[in-house]
Amino acid sequence: MRTKDELFREAQRRIAARRQQAVMTAERMRAAAFAAHPELAAAEEARVQAGLALTLAAARGQDPAAAAQRLADAGRALTDAMQAAGYAPADLEPRFACPQCKDTGLANGNPCACVAQAARSLRREEINAASPLALCGFDTFDVTRYPAEPEPELGGSPRDYMAKVLQFCRRWAENFTPDSPNLLFMGGAGLGKTHLALAAADAVLDRGFDVLYTSSAALAAQMGREHFDREADDVWLQACQEADLLILDDLGTEHITALTISMLYELVNTRMLCHRPTVYTTNITDQGIFEARYTEKVASRMLGNCKIFKFFGQDQRLIRR
């Protein structure tokens, strides 16, 4: 799991490698074309010499008009030679993926939009490695899998209720801002909590925000390793604290220790104070048990700052089987 800065640097490295690959491919194509058509090599050499002559004339303070005309003539001669050989001028030039910055990562002195796009792609790869992000979208959240029969606790059917939850989460993701409310999905296993959380993550990523996903068990284990390794930085904790949106999945599956509670408090409190929304999911449905597990100090910050949705129905994984 990488911090925003690490992700940005890796995106820049990928774009630089992409540019190098484009330049090398173009150089190989030019070399092959010049080998097959010696007249192209001669025309290119004439253009290079004309450019050097123009530079030399400017350095000596001479009138550059004649040298500039020679360079223009050499350029036209090269274009004519390429066309005669069956090439367009762009055929032997590097083909950059981003026309705006030509894969330099900079446009008008600022980071190009392609860097942010590359960073989002890297984050998607990271989330996909830990969860089925590619399979989870709002459009694939099938409310017909939920019972149509009334649920006494709801006063209606789980199907109608989950359709409303889906609609709310879609709007929440489409209008996501740092002031968006935290969400807490509570319910038994296989009721679509992670699916809906990842659908929100995908939509928020598409809008240009940095989104980070981790299971509670994986986060607790990693924070424990980082805490006891004096040479390691708390990279996971830092990454979770600074992400625009954090998906903290499966609360209740982590091994609880005093360290876990302390670091969870630091994470939840930091994100709350910095106005960085979090989506929590948990199989714990009793708020009393939730508070007993995480202590009043942590639980109050989670439960008191979340819009809570309880999921009803049968395990969707078993139904699909």
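Analysis parameters
Think of each chain on its own: its residues are numbered from 1, step by step along the sequence as written. Since the coordinates come from a predicted model, pLDDT governs what is reported: local features require at least 70, and pairs of side-chain atoms require 80 or more to be given and counted, while whole-chain, interface and lining totals use all residues. Remark: hydrogens and water are excluded; side-chain values derive from all non-hydrogen atoms of the structure. Each helix is a run of DSSP H or I of at least 4 residues and each strand a run of E of at least 2, with the numbering of both proceeding from the N terminus. For the radius of gyration, the atoms used are the C-alpha atoms, and the globule rule reads 2.2 Å times the number of residues raised to 0.38. Partly exposed describes any residue whose relative accessible area lies between the buried limit of under 20% and the exposed limit of over 50%, with all areas from a 1.4 Å probe on protein chains only and scaled to the type maximum. Note that accessible areas follow from Shrake-Rupley with a 1.4 Å probe, and for residues the cover is restricted to the protein chains shown. Residues scored as positive are Lys and Arg, those scored as negative are Asp and Glu, and His as well as the terminal groups of each chain are ignored. A charge is said to be at NZ when it belongs to Lys, at CZ for Arg, at CG for Asp and at CD for Glu. Interaxial angles span 0 to 180 degrees and are taken between N-to-C directions of axes, which are lines fitted to C-alpha atoms, for helices over the stretch in contact. Orientation categories follow fixed angle ranges, with anything under 35 degrees roughly parallel, anything over 145 roughly antiparallel, 65 to 115 roughly perpendicular, and all other angles oblique. Should the near helix be turned anticlockwise from the far one by less than a right angle, the crossing is termed left-handed; should it be turned clockwise, right-handed. Residue contacts follow a heavy-atom distance rule, with two residues in contact if any of their heavy atoms lie within 4.5 Å. For this document, the term salt bridge refers to a Lys or Arg side-chain nitrogen within 4 Å of an Asp or Glu carboxyl oxygen. Being paired, for any two strands, means DSSP has found at least two bridges between them.

Draft legend 1. How the structure looks around the overall build of the protein chain. Check the secondary structure of the protein chain and you find 11 helices and 7 strands. Taken over C-alpha atoms, the radius of gyration comes to 29 Å for the protein chain, far larger than the 20 Å a tight globule of 321 residues would show. Taking the principal axes of its C-alpha atoms as reference, the protein chain extends roughly 90 × 50 × 30 Å. Evaluated residue by residue, the protein chain yields a buried proportion of 41% over its 321 residues. A total accessible area of about 17000 Å² is found for the protein chain, and carbon and sulfur atoms account for 52% of it. Counting 37 positive and 41 negative side-chain charges, the protein chain places the averaged centre of each group 1 Å from the other.

Draft legend 2. Spotlight on helix α8 (residues 235-242). Of all 8 residues in α8, 6 are buried; the element is thus mostly enclosed. When α8 is considered as a whole, its buried residues turn out to be Trp-236, Leu-237, Ala-239, Cys-240, Gln-241 and Glu-242.

Draft legend 3. Layout of unusual backbone geometry. Of note, Asn-108 is a non-glycine position whose phi angle comes to about 55°, a positive value. Counting through the fold element by element, Asn-108 comes out in the loop between β1 (106-107) and β2 (110-111). Judged by relative accessible area, which is 75%, Asn-108 ranks as exposed. A positive phi angle, close to 60°, is found at Asp-250, a residue other than glycine.

Draft legend 4. Just the packing of helix α5 (residues 158-174) against helix α6 (residues 193-206), in detail. Two numbers describe how α5 lies on α6: the axes approach to 9 Å, and their chain directions differ by 25°. Considering the angle they form, α5 stands roughly parallel to α6. You can see that α5 and α6 cross each other, and the crossing is right-handed. From α5, Val-165, Leu-166, Cys-169, Trp-172 and Ala-173 reach across to α6, where they touch Leu-196, Ala-200, Ala-203 and Val-204.

Draft legend 5. Representation of the pattern of salt bridges. In total, this model carries 19 salt bridges according to the counting rule given. Taking the shortest distance from any N to any O, the salt bridge between Arg-2 and Glu-126 comes out at 3.3 Å. Taken together, the residues span a long stretch of sequence, with Arg-2 in the segment before α1 (4-36) and Glu-126 in helix α4 (residues 113-130) at a distance of 124 residues. Here Arg-2 falls in the partly exposed class, since its relative accessible area comes to 26%. Relative accessible area serves as the criterion here: at 18%, Glu-126 is assigned to the buried category. A salt bridge links Arg-293 to Glu-254; the nearest nitrogen and oxygen atoms lie 3.1 Å apart.

Draft legend 6. Broad picture of the pairing of strand β3 (residues 182-186). Judged by how many residues are buried, β3 sits mostly within the fold: 5 of 5 residues are covered. Neither face of β3 is open: one carries Asn-182, Leu-184 and Met-186, the other Leu-183 and Phe-185, and all of them are buried. Inspection of the sheet shows β3 paired to strand β6 (residues 278-282) by 4 bridges, in the parallel sense. Bridged to Met-186 within β6 is Thr-282.

Draft legend 7. Examining the environment of Arg-170 more closely. Note on placement: Arg-170 falls in helix α5. For the pair Arg-170 and Leu-245, spaced 75 residues apart in the sequence, the C-alpha separation amounts to 15 Å. With residues up to four places along the chain from it excluded, the contact list for Arg-170 reads Phe-138 and Asp-139.

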